[in-house]
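Descriptive structure summary
Chain residues, written in single-letter form:
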Amino acid sequence: MKHKGIILAGGSGTRLYPITVGVSKQLLPIYNKPMIYYPLSVLMLAGIREIAIITAPEDRAQFERALGDGAQWGVSLTYIVQPRPEGLAQAYLLAEDFLAGAPSAMVLGDNLFFGHGLPELLKRADAQEGGTVFGYHVADPQRYGVLDFAPDRSVRAIVEKPADPPSNYAVTGLYFLDGSAPVRAAKIRPSARGELEIADLLNDYLRDGGLTVETMGRGYAWLDTGTHASLLDAGNFVRSLEERQGLQAGCPEEIAYAAGWIDLDALRARADAVAKSSYGAYLARLVREAEGRR
């Protein structure tokens, strides 16, 4: 069964106050695009076209205005309201009807992934049974769920925000899980901080021998944008890439056209809709290049 996608874009973004008082964190700009374009692009690169966006009640209209129903990119977007943020694993309970037994790929709405070979890595995870998560070497693992390795380098546990981290490998905000995720999530009890921890859900898979851990090497970038400094870092990272290469990162139109999900007329319409911006100029260049190949 084909994976469906989930983007968890709820929460109130209090660590970014006051800039998130009036707008969802996941709609803030990362250089020249809304933040949510980047996790959306990750799911699209994995070949996923049915995607649910989980939002806070007060933010749903903002997302619908910014993204619509996804048809402009050849995908289908469903909006699910999260009444209260109660942990990452809660997403599987909220999305249970949407998933209808299908496996899923969930990405956090404030995460950015980049790297040569990323589409192949995602498609490999898409083909796995059980669950797949990605480990990434970080300087500050105590902020994350951390991989605890056995002497043979197999993963024996995932430890949530440990004061004394067992390794420097954090679990990124991208999770490929099979259709049992909602049932497993329903068995989780809230942690001491009152949340349904994603680490508890992943450890449930791990105990059953059903969790694959892929490590992302030095050629990958994984950024989250939960603080003012990391938000600025992500914007500067994207700007540096795009200025140097002349290529866009996190461009849903380019991914959709390359995949054959939209035709040249649809790509041209998207370029015309944002024609006055540098992003529109990039899409117009893609149109010209495509016309030249005809």
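Residues numbered from 1 in each chain as written. Predicted model: local features only at pLDDT ≥ 70, side-chain atom pairs only at ≥ 80, totals over all residues. Heavy atoms only, no water.

**Section: the pairing of strand β4 (residues 50–55)**
Put simply, the rule is: Relative accessibility decides the category of a residue: with a 1.4 Å probe and only protein chains considered, values under 20% of the type maximum give buried, values over 50% give exposed, and everything between is partly exposed. Only DSSP runs of H or I with at least four residues qualify as helices, and only runs of E with at least two residues qualify as strands; both kinds are numbered from the N terminus onward. At least two bridges found by DSSP between two strands is the condition for calling them paired.
Within β4, 5 of the 6 residues are buried, which leaves the element mostly enclosed by the surrounding structure. Across 5 bridges, the pairing between strand β1 (residues 4–9) and β4 is parallel. In the sheet register, A9 faces β4, and the bridge partner there is T55. Here β4 runs beside strand β5 (residues 76–81); their pairing, made up of 6 bridges, is parallel. Its bridge partner lying in β5, I53 is registered against Y79.

**Describing the layout of surface pockets**
Heads up, the rule is: With a 1 Å grid spanning the protein atoms alone, the term cavity applies to any set of points in which a 1.4 Å probe fits but cannot get out, the term pocket to an open set with protein on both sides within 12 Å along at least five of seven lines, and the term lining residue to any residue with an atom within 4 Å of a point. Grid points are joined across faces, edges and corners, and a volume is the space filled by probe spheres set on the points. The nonpolar class holds Ala, Val, Leu, Ile, Met, Phe, Trp, Tyr, Cys and Pro. Asp, Glu, Lys and Arg form the charged class, and all remaining residues, Gly among them, are polar.
Taken as a whole, the largest pocket holds about 970 Å³ of empty space. Every residue lining the largest pocket is counted, 40 residues in all, and those nearest its centre are R15, K25, L88, L108 and D110. Residue assignment for the lining of the largest pocket shows that the elements contributing at least two residues are β1, β10 (155–160), β11 (169–177), α7 (198–207) and β13 (220–224). The biggest single contributor to the lining of the largest pocket is β11, with 4 residues. Looking at side-chain class alone, the lining of the largest pocket contains 15 nonpolar, 14 polar and 11 charged residues. In this structure, the second largest pocket occupies an estimated 640 Å³ of space. Considering the residues around the second largest pocket, the lining is formed by 29 residues, among which L45, P119, Q248, G250 and I255 are closest to the centre. Those elements giving two or more residues to the lining of the second largest pocket turn out to be α1 (37–45), β7 (111–115), α5 (118–126), α8 (228–245) and α9 (252–259). Among the elements that make up the lining of the second largest pocket, the one with the highest residue count is α1 (5 residues). Along the lines of polarity and charge, the residues of the lining of the second largest pocket split into 18 nonpolar, 8 polar and 3 charged.

**A look at unusual backbone geometry**
Look at the link from Y17 to P18: it is a cis peptide, with omega at 5 degrees. On the secondary structure map, P18 appears in the loop between β1 and β2 (29–30). Notably, A100 is not glycine yet its phi reads approximately 50 degrees, a positive angle. Summarising the element assignment, A100 is placed in the loop between α4 (96–99) and β6 (104–108). The backbone of K161 sits at a positive phi, close to 45 degrees, despite the residue not being glycine. Relative to the helices and strands, K161 resides in the loop between β10 and β11. For K161, a relative accessible area of 40% corresponds to the partly exposed category.

**Quick word on the packing of α9 against helix α11 (residues 278–292)**
The condition that has to hold: Lines fitted to C-alpha atoms define the axes, with helix axes restricted to the stretch in contact, and inter-axis angles between N-to-C directions lie between 0 and 180 degrees. Just so you know how the angles are binned, under 35 degrees is roughly parallel, over 145 roughly antiparallel, 65 to 115 roughly perpendicular, and the rest oblique. In a left-handed crossing the near helix is turned counterclockwise from the far helix by less than a right angle, and in a right-handed crossing that turn is clockwise. In what follows, residue pairs with any heavy atoms lying within 4.5 Å of each other are defined as contacts.
It is the contact of α9 with α11, at a shortest axis distance of 10 Å, that shows an interaxial angle of 20 degrees. Taken as axis vectors, α9 and α11 run roughly parallel relative to one another. The interaxial crossing formed by α9 with α11 has right-handed handedness. Residue-level contacts link P252, E253, E254 and Y257 of α9 to Y279, Y282, L283, L286 and A290 of α11. For the contact of α9 with α11, a count of residues per class yields 7 nonpolar, no polar and 2 charged.

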